[in-house]
Amino acid sequence: GAGVSQSPSNKVTEKGKDVELRCDPISGHTALYWYRQSLGQGLEFLIYFQGNSAPDKSGLPSDRFSAERTGGSVSTLTIQRTQQEDSAVYLCASSYGPLAGQETQYFGPGTRLLVL
Amino acid sequence: AQRVTQPEKLLSVFKGAPVELKCNYSYSGSPELFWYVQYSRQRLQLLLRHISRESIKGFTADLNKGETSFHLKKPFAQEEDSAMYYCALRPSGNTPLVFGKGTRLSVIA
């Protein structure tokens with residue numbers, strides 16, 4: 001079956017513009033995760049969804065970042081008023097669930113964001 | 001707070017040499033530990049998990065609770081092992097994985 005997909009694969013934007021990044025998880029996966037991968041910082045957790053609710057938003061770096069998930073499936077990560085330090089690869093992952101035995105995360109290819 | 005530390009950002013070894021990627025964690029309970037790998041131009045993917053006690057692509061990792069470590073080892077490195085490796089911790093309960101910052105392994109021919 002299809003894996004996790006993300007769009008766009010690449011996004012170049014100007015500082016101050018808003019961007020939306022999309023993630024389509026594997027069908028049937030209830031848990032969805034957003035990470036940011038940047039040079040020297042490794043994999044940085046942003047937010048986690050179980051169904052449509054986000055029990056853990058602790059990783060969002062500022063109030064310019066928000067995410068939603070609808071229908072227990074597609075998720076959108078929105079960055080408002082982008083800054084150059086937002087440039088990174090944004091990864092999405094999904095898992096069958098968060099409980100023991102379900103937590104193997106399957107990653108998407110990422111969206112490479114460049115803020116000029 | 002839970003934390004995963006990978007002290008080496010870059011590790012270079014010669015083909016055929018043993019390799020060990022270090023991972024230390026801090027967590028007061030009984031965690032589950034994982035290694036994820038990202039090969040060039042590929043997605044991040046699960047390599048192995050301590051619960052399974054398995055060997056994948058010749059790699060093994062043993063959880064040492066006394067030293068709070070979960071080092072990844074392979075006796076004879078291959079060029080195709082060159083990749084970015086992330087150690088991850090799953091605290092008990094309904095929480096997502098906590099990842100280390102990763103170690104880039106470069107196997108030199």
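Scroll up to find the structure.
Now for a description of the structure that goes with this document. (Residues numbered from 1 in each chain as written. Chains lettered and ligands numbered in written order. Predicted model: local features only at pLDDT ≥ 70, side-chain atom pairs only at ≥ 80, totals over all residues. Heavy atoms only, no water.)

If you tally the helices and strands in chain B, you get 0 helices and 11 strands. When the helices and strands of chain B are placed in sequence order, the string is β-β-β-β-β-β-β-β-β-β-β. For a compact globule of 109 residues, the expected C-alpha radius of gyration is about 13 Å, and chain B comes in at 13 Å, within 12% of that figure. Counting only C-alpha atoms and orienting by the principal axes, one finds that chain B spans roughly 45 × 30 × 25 Å. Residues classed as buried in chain B amount to 44% of the 109 residues present. Accessible surface, chain B as shown: approximately 5600 Å² in total, 49% of it carbon and sulfur. (Helix = DSSP H or I, 4+ residues; strand = E, 2+ residues; numbered from the N terminus. Rg over C-alpha atoms; globule rule 2.2 N^0.38 Å. Buried < 20%, exposed > 50% of the residue type's maximum accessible area, 1.4 Å probe, protein only. Areas by Shrake-Rupley, 256 points an atom, 1.4 Å probe, with all protein chains shown as cover.)

A word on the pattern of salt bridges. All names here are of chain A. According to the stated counting rule, one finds 8 salt bridges over all chains in the structure shown. Where Arg36 meets Glu44, a salt bridge forms, and the shortest distance between an N and an O atom there is 3.0 Å. On the basis of relative accessibility, which here comes to 25%, the residue Glu44 falls in the partly exposed class. (Salt bridge = Lys/Arg side-chain N within 4 Å of Asp/Glu carboxyl O.)

Moving on: the interface of chain B and chain A. With 19 residues of chain B at the contact, the number on the chain A side is 22 residues. Around 1700 Å² of area is buried between chain B and chain A when both sides are counted, 50% of it from carbon and sulfur atoms. At the boundary of chain B and chain A, one finds 0 salt bridges. If you look at where chain B meets chain A, you find 6 residue pairs in polar contact (both at pLDDT 80 or more). Counting residues per element, the ones that place at least two in the side of chain B that touches chain A are strand S5 (32-38), strand S6 (45-49) and strand S9 (83-90) of chain B. Looking at the side of chain B that touches chain A, the element that brings in the most residues is S5(B), giving 4 residues. Split into classes, the residues belonging to the side of chain B that touches chain A amount to 8 nonpolar, 5 polar and 6 charged. (Contact = heavy atoms within 4.5 Å. Buried area = accessible area lost by both parts, 1.4 Å probe. Polar contact = N/O pair within 3.5 Å; in protein donor to acceptor, adjacent residues only side chain to side chain. Nonpolar A, V, L, I, M, F, W, Y, C, P; charged D, E, K, R; others polar.)

What is shown is where atoms sit, not what they do.
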